[in-house]
Amino acid sequence: MLTVPKVSNFTDFIKYISLRNASNIKYDLDRINLILAKMGHPEMRLRGLHVAGTNGKGSTSAMLESICLSHNWNTGLNTSPHLVDYRERFRINGKNITARELMKIYNLWSNLFEETEASFFEITTAIAFYYFNAKNLHTSIFEVGLGGRLDATNPFNATVSIITSISIDHPKTLGDTIEKIAYEKAGIIKGNVPLVLGKLSNTAFDVISKVAYSKSAPLYYIESDFNTERVRFDQAVTTFDYINKNRDISLPKRIANIKTNLVGKHQAHNAALAITGYALYCNSLKIKPDPEAIRYGLRNVTWLGRMQTIRKQPLTILDCAHNEEGIENLVKNLQQIFPNKRFRLVIAILRDKSFEKMILHLGAIAKKLYISKNNSDRAADIEEQVEIAKKYGIEYSAESDINTSLNNATKESSDDDIIIVTGSIYTVSEIVAQLGKKRTWH
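Below is a summary of the structure that appears in this document. Predicted, not measured: the structure shown is a model, and the values here were computed from it.

Quick look at the overall build of the protein chain
Step number 1: On a plain count of helices and strands, the protein chain comes out with 15 helices and 17 strands.
Step number 2: Expressed along its principal axes, the backbone C-alpha trace of the protein chain runs to roughly 60 × 60 × 40 Å.
Step number 3: Looking at the 442 residues of the protein chain, the share that counts as buried comes to 56%.
Step number 4: Look at the contacts in the protein chain between residues 6 or more apart in sequence, and 73% of them connect residues 24 or more apart.
Step number 5: Carbon and sulfur atoms make up 48% of the accessible area of the protein chain, which totals about 18800 Å².
Step number 6: When the 56 basic and 46 acidic side-chain charges of the protein chain are each reduced to a single mean position, those positions are 5 Å apart.

Here you go:
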């Protein structure tokens, strides 16, 4: 007889599910499909938007959520990883699932999870499908966890698909070429379901467009069908014009001076994807998209850890850039907002990233690096990061604890210095968790 481990409360649940994070991962859809079938296929009774991409998929998903909520649509958002609290992965109308609701769903299906030997992500995704369906949502938004083709979110019955960007990331799992990674991302494309594409290399575009054509999925590309113009940003807001070049996108040809509280040129790009995805979704619902809902939604996005200011003197900013492309975007944004400035950079990077290139990019704007190691089991060793700093002659110090590194950077700073904490979502998570305990951040 099957023995299900006793999980009596939320704390026990987190400890238990965390043990399944790496021990039983299988990159196929067999288990999640079996789980969902035994649940009665909740994923097939949902509608909404499915978002994949190397970078930008979390921000784009949060923007979509905010636009939908500006309509007062009952909206669910499933994202990963979480920043501080596991419950962030299940958000309805901007609020996390309660521990009680989460435990109720888990206990209802715990036998099934044990029978199938489900992984951390499969359990999490199955709970999201079940929860969103039980709440009879108007709209669901799912962010892909890893890749797309074999991701546990892929059974989602999406109304619109979005692929934000494609670059080298997770090469051991997704492949070590742009072609291979593009093929994995293209796995979310569904037959006859509109696909919105961010700016891609020619190689990635060729792979994606061929898959879209084979599935009769209408394709909307950021350069040919829509775009942004007059992008400008400061420390608090990004402003841009949205340009509509395709009559199938039921919006004016130009929506001027849109503002979003997510900062950077790349966030204008993400916003354009969200706007287009929203408009195509409205088409499927046979309603007219509302430019004012777009304006209000983008101005009020809730998405922590993206160019987030936590202290004004010295100015301290958190950013979840976690791979080479993300770090390049961060560096460009910082150089535009703070020209000719050098920064105190608190960093901790994962070992499966191109961390030498990431540190080299950061070194170009660094007054000093404060190197540390986050709590992820994928964290790069401090010694590895230090060797790179030495190799390129970048001034550095090293501490085993991220919060200690931040404290040291703060102590060494004058009021006009700027501190940036970056390198990984896990790195930012530890700072946010600590500041939350102190209740000093704003």
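What to know about the sheet that holds strand β6 (residues 160-163)
Within a sheet, neighbouring strands are paired by backbone hydrogen bonds and run either parallel or antiparallel to one another.
Step number 1: Taken in spatial order, the eight strands make up an open sheet running β4-β3-β2-β5-β1-β6-β7-β8, and their pairing is mixed. Of all strands in the sheet, those bounded by a partner on one side alone are β4 (95-96) and β8 (219-221).
Step number 2: The pairing of β6 with strand β7 (residues 195-197) spans three bridges and is parallel. Paired with Ser161 across the two strands is Leu195, which belongs to β7.
Step number 3: Most of the contacts of helix α3 (residues 57-69) go to strand β5 (residues 139-143), to which it runs at about 170°, and overall it touches β1 (48-52), β2 (75-78), β3 (91-92), β5 and β6.
Step number 4: Packing against the sheet, helix α5 (residues 120-134) makes contact with β2, β3 and β5, and its axis sits at approximately 170° to β5.

Topic: the pattern of salt bridges
Step number 1: Under the definition given, this model contains 19 salt bridges.
Step number 2: A salt bridge links Arg344 to Glu412; the nearest nitrogen and oxygen atoms lie 3.7 Å apart. On the criterion of sequence distance, the pair formed by Arg344 in strand β14 (residues 343-347) and Glu412 in helix α14 (residues 402-412) is long-range, its members being 68 residues apart.
Step number 3: Under the relative-accessibility criterion, Arg344 is labelled buried at 11%.
Step number 4: Measuring nitrogen to oxygen at the nearest pair gives 3.0 Å for the salt bridge that ties Glu412 to Lys368. In this pair, Glu412 sits in helix α14 while Lys368 sits in strand β15 (residues 366-371), placing the two residues 44 residues apart along the sequence.
Step number 5: The class for Lys368 is buried, based on a relative accessible area of 9%.

Brief notes about the packing of aromatic side chains
Step number 1: Per the stated rule, a full pass over the model turns up 18 aromatic pairs.
Step number 2: Aromatic side chains Phe338 and Phe343 sit 6.0 Å apart centroid to centroid with 70° between the ring planes, which places their arrangement in the edge-to-face category.
Step number 3: Among the aromatic residues, ring-to-ring pairing joins Phe10, Phe13, Tyr16, Tyr86, Phe90, Tyr106, Phe113 and Phe120 into one connected group.

Describing the state of the cysteines
Step number 1: With the rule as written, the count across this model stands at zero disulfides.
Step number 2: Cys68 takes part in no disulfide bond, and the closest cysteine sulfur to it belongs to Cys282, at a distance of 7.7 Å.
Step number 3: Note on Cys68: relative accessible area 1%, which makes it buried.
Step number 4: By relative accessible area, which is 0% here, Cys282 ends up buried.

Details of the packing of helix α9 (residues 265-285) against helix α10 (residues 291-299)
Step number 1: Two elements in contact, α9 and α10, have axes separated by 11 Å at closest approach and are oriented at 140°. If you check the angle between α9 and α10, you find them oblique. Two packed elements cross with a definite hand, and for α9 against α10 that hand is right-handed. Residues Ala271, Ile275 and Tyr278 of α9 form the contact with α10, whose own contacting residues are Ala293, Ile294 and Leu298.
Step number 2: Its residues assigned to classes, the contact of α9 with α10 comprises six nonpolar, no polar and no charged.

Section: α9
Step number 1: End to end, α9 covers 31 Å across 21 residues, agreeing with the expected 30 Å (1.5 Å per residue, within 8%).
Step number 2: The buried fraction of α9 amounts to 16 of the 21 residues, a majority that puts the element mostly inside the structure.

Details of the pairing of strand β13 (residues 315-318)
Step number 1: Residues Leu315 and Ile317 line one face of β13 and the alternating positions Thr316 and Leu318 line the opposite face, and both faces are buried.
Step number 2: Across four bridges, the pairing between strand β12 (residues 308-312) and β13 is antiparallel. Looking across to β13, one finds that Arg311 is bridged to Thr316.
Step number 3: Between β12 and the antiparallel strand that follows it, β13, lie two residues.

Describing the sheet that holds β14
Step number 1: Pairing is mixed in the open sheet, where six strands are placed in the order β12-β13-β17-β14-β15-β16. The open sheet terminates on both sides in strands that have one partner only, identified here as β12 and β16 (396-398). If you compare each strand with its neighbour and ignore which way they point, the axes differ by 20° on average.
Step number 2: This element, helix α12 (residues 355-363), spans β14, β15 and β17 (418-422) of the sheet and lies at about 145° to β15.

How each quantity is defined
Residues numbered from 1 in each chain as written. Predicted model: local features only at pLDDT ≥ 70, side-chain atom pairs only at ≥ 80, totals over all residues. Heavy atoms only, no water. Helix = DSSP H or I, 4+ residues; strand = E, 2+ residues; numbered from the N terminus. Buried < 20%, exposed > 50% of the residue type's maximum accessible area, 1.4 Å probe, protein only. Contact = heavy atoms within 4.5 Å. Areas by Shrake-Rupley, 256 points an atom, 1.4 Å probe, with all protein chains shown as cover. Lys, Arg positive; Asp, Glu negative; His and termini not counted. Charge placed at Lys NZ, Arg CZ, Asp CG, Glu CD. Pairing = 2+ DSSP bridges. Axes fitted to C-alpha atoms, helices over the stretch in contact; angles between N-to-C directions. Salt bridge = Lys/Arg side-chain N within 4 Å of Asp/Glu carboxyl O. Phe/Tyr/Trp six-rings, centres within 6.5 Å; stacked < 30°, edge-to-face > 60°. Disulfide = S-S within 2.5 Å. Parallel < 35°, antiparallel > 145°, perpendicular 65-115°, else oblique. Left-handed = near helix turned anticlockwise from the far one by under 90°. Nonpolar A, V, L, I, M, F, W, Y, C, P; charged D, E, K, R; others polar. Expected span 1.5 Å × (residues − 1).

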